[in-house]
Amino acid sequence: MNITLAQAEKMISAAKEKSVAIDTKMNIAIVDAGANLVAFARMDGAWLGSLDISIKKAKTARFFDMNTGIIGELSQPGGALYNIEHSNNGLITFPGGVPVKDAAGNVIGAIGVSGSSVENDHAVAEAGATAI
C-alpha cells in the first residue's frame, strides 16, 4: 500500500493549517512507502535550508518506521544507533519526521517538516500525519 496524491495533499493542507495556527512557516514533504517524494510544499517565507531537511526527515521516518526524534534519542553517543545519520546518503535524526499508517496500521509513507523549532516541526508533522 502506498500513500496517494490525494492523501498527501490532504496532509499538506492540515500541516499548513497547523503551521499557521502556531505562527510559523514550514517546508512539508510527503513520501510514499518506498520513500519516494509524492508531494512537497514550501510555505511563503520558509527557510530555504529546511527544504532538504524536510525531505530527509520524511525519508528517515519511512526507512525506519519511527518518529525521527526517537531515532535521534537512539543515535546519541553510546546509543544503539550511534552514527546512523551517516547512512542512506544522510539521515535527519531530530524531531519532525513521522511515519504515516493506513486504517489497518500498515505504514504507507511518511511526512517530514522543517522550518522552526523541533517541537513545532514535530507538532506540524503530527497534524499532517493524522489528517488521513
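Refer to the structure printed above.
Scope of this entry: the structure provided in the associated data block.

What counts as what
Residues numbered from 1 in each chain as written. Predicted model: local features only at pLDDT ≥ 70, side-chain atom pairs only at ≥ 80, totals over all residues. Heavy atoms only, no water. Salt bridge = Lys/Arg side-chain N within 4 Å of Asp/Glu carboxyl O. Helix = DSSP H or I, 4+ residues; strand = E, 2+ residues; numbered from the N terminus. Buried < 20%, exposed > 50% of the residue type's maximum accessible area, 1.4 Å probe, protein only. Contact = heavy atoms within 4.5 Å.

Side chains that differ in sign of charge can pair as their charged atoms come close. For the structure shown, the criterion picks out three salt bridges. Salt-bridge contacts for Lys 56 lead to Asp 52; the nearest nitrogen and oxygen are separated by 3.4 Å. Here Lys 56 pairs with Asp 52, and both are found in helix α2 (residues 50-64), just four residues apart, close to one helical turn. Residue classification places Lys 56 among the partly exposed positions, given a relative accessible area of 25%. Residue classification places Asp 52 among the partly exposed residues on the basis of a relative accessible area of 41%. For Asp 121, the salt bridge is made with Lys 57, and the minimal N-O distance between the two is 2.9 Å. Of this pair, Asp 121 sits in helix α4 (residues 118-129) while Lys 57 sits in helix α2, and the two are 64 residues apart along the sequence. You'll find Asp 121 and Lys 57 in the same group, each marked buried.

Another aspect to go through is the environment of Glu 85. When you line up the elements, Glu 85 lands in the loop between α3 (68-74) and β3 (97-101). Here Glu 85 falls in the partly exposed class, since its relative accessible area comes to 22%. Beyond its immediate chain neighbours, meaning those up to four positions away, Glu 85 contacts Ser 75, Gly 90, Leu 91 and Thr 93.

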